Every structure is written in structure tokens, then in C-alpha cells.
Amino acid sequence: MSLEQALAFFIFAFVAAVTPGPSNVLLTATGANAGLMRGLPCLFGVVLGMGFMMSIVAFGLGSVVLDSPQIMEALKWGGAAFLLWLAWKIATAQPSAPESGDEGQAGKPIGFLGAAGFQWVNPKSWLVCAGAASTYLQTDAAGALVQSLSLGGVFVLAALPSSFIWLAAGVALQQVLRDSKSQRRFNLIMGGLLAGSVIYFIR
């Protein structure tokens, strides 16, 4: 991958990662409910999980999955079920505001493995990876393995700052969500947004 190609893909990856989607809803909710430090495992899970998925899809697994109606159907409904479950977890998360009297009882945030695995049922992740593989892989460049690893690595570099924006936005909201009632309302909104994204997945 030349410098020009790497720069073009970096811009693509940054824009793809910073635009709204299920992972960014998850990061914002995590930041608002768990804070910056406890939200970092979720951030790294999203970014590294997406980078790994990018490499795997670019290397060839994506074409197998996308060309199989049976696999796509199973992925569609399994992913929809997981997204709805995660939306319910976010919507019913316990407030962590000091006024609630149960500050230490807030629900455990989504960790590294959960956030990384989430990418495989995230419709936006599949669209981004499939689009990147079809656009940026070159038949006359280095081998498929080298190119796929390069795409995954560049994506991680681009997605880290753009995903951090969403986590930081959630952390900033902690200054607004100072009481348990506000936190519950915010969690319901975030859960509803995530559940709403299922519509675009199963249509």
C-alpha cells in the first residue's frame, strides 16, 4: 500500500468510524454510565475488533459470507437479536449518580471482548468492511495477506481517535446527567436508538 493509498484509506476509515452507528451509540452510553477509564476496554474492543474484522473480510472470509444467502440470513437474525438484547441492557442500566444512593451498583460496562465480538453482528461494520475490501484491495499490489493486514492496521489508527470522540461525548454528558432520573432517561434514549438500528439490518 502506497502512502497515497494509505492516506486515502485513513480518511475513509476515519469518516466511517466517526459517523453514527451502533458501536458509537454503545460507546456514548458506556462513557455516560461508566466514565472514561472504565469505558476504555469498550473503546479498544470496538477499534481492535473492527480492525481485525477488516483484515479477515479483506483476506477473503467476507466474500464467503456475503455470497452465502444462508449465512447472511443467519447473521441478519442473530445480529438483530443480539442488538435488541444489548439495547435492553443499555436501556435498563442502573444509574450511577451519587444521588441514587447506589453509585457502586451501576451495571458492569461492555468490556473488551463484548465490544470486539459486537462488530461481527454490527450491520455497519459489515458494510464498511465489504466496501473497503472492494474499493481498496488491488490485484497488482502486494499479496492478499499483506494488503488485508495493512487495511486492518490503518483502520485501527483511524478509528481510535474517531471512536474516542463518542466515548468522550458520553463522559461529558455525565456533567448533565447528575441525577438518576436523567440517567434513566438517557439510557432509554440510547437503548431506543440502538434498537432502532435493527430496522436497517433486517429490512
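Residues numbered from 1 in each chain as written. Predicted model: local features only at pLDDT ≥ 70, side-chain atom pairs only at ≥ 80, totals over all residues. Heavy atoms only, no water.

S.K.: How should the nonpolar core be read in this particular structure?
M.R.: The nonpolar side chains of a soluble globular protein tend to be buried, and buried together. One finds F9, M54, I90, F118, F155 and L194 to be the most contacted residues of the largest nonpolar core, which totals 42 residues. Every element with two or more residues in this core is listed here: α1 (3-18), α2 (22-66), α3 (69-91), α4 (112-118), α5 (123-136), α6 (144-173) and α7 (180-202). The element that contributes the greatest number of residues to this core is α2, accounting for 15 residues. (Core = buried A, V, L, I, M, F, W, Y, C linked by side-chain atoms within 4.5 Å. Buried < 20%, exposed > 50% of the residue type's maximum accessible area, 1.4 Å probe, protein only. Helix = DSSP H or I, 4+ residues; strand = E, 2+ residues; numbered from the N terminus.)

S.K.: Looking at this structure, I do not really get α5. What am I missing?
M.R.: Residue pairs three or four apart in sequence face the same way in an α-helix, which turns once every 3.6 residues. The end-to-end C-alpha distance of α5 is 20 Å, a good match for the 20 Å that 14 residues give at a rise of 1.5 Å each. Among the residues of α5, those classed as buried are P123, S125, W126, V128, C129, A132 and A133. N-cap assignment for α5: the residue whose side-chain oxygen lies 3.1 Å from the backbone N of K124 is N122. (Expected span 1.5 Å × (residues − 1). Polar contact = N/O pair within 3.5 Å; in protein donor to acceptor, adjacent residues only side chain to side chain.)

S.K.: Please clarify how the packing of α1 against α5 should be interpreted in this entry.
M.R.: For any two helices packed against each other, the geometry comes down to the angle between their axes and how far apart the axes lie. Between α1 and α5, the shortest axis-to-axis distance is 11 Å and the interhelical angle comes to 165°. With respect to their mutual orientation, α1 and α5 come out roughly antiparallel. Regarding α1 and α5, the two cross each other, and that crossing is right-handed. Residues A8, F9, F12, A16 and A17 of α1 touch α5, and the partners they reach there are K124, V128, A132 and Y136. Looking at the contact of α1 with α5, its residues break down into eight nonpolar, no polar and one charged. (Axes fitted to C-alpha atoms, helices over the stretch in contact; angles between N-to-C directions. Parallel < 35°, antiparallel > 145°, perpendicular 65-115°, else oblique. Left-handed = near helix turned anticlockwise from the far one by under 90°. Contact = heavy atoms within 4.5 Å. Nonpolar A, V, L, I, M, F, W, Y, C, P; charged D, E, K, R; others polar.)

S.K.: Hey, could you run me through empty space enclosed by the protein in this one?
M.R.: Vacant regions in the atomic arrangement are exposed by a probe of water-molecule size rolled over the atoms. The final tally for this structure, using the stated rule, is one cavity of 30 Å³ or more. In this structure, the largest cavity encloses a volume near 150 Å³. Elements with a minimum of two residues in the lining of the largest cavity: α1, α2, α5 and α6. Here the lining of the largest cavity takes five residues from α2, the largest share from any one element. Residues that form the lining of the largest cavity fall into these classes: eight nonpolar, seven polar and one charged. (1 Å grid on protein atoms, 1.4 Å probe; cavity = no way out; pocket = protein on both sides within 12 Å on 5 of 7 lines; lining within 4 Å. Points joined across faces, edges and corners; volume = space filled by probe spheres on them.)

What is shown is where atoms sit, not what they do.
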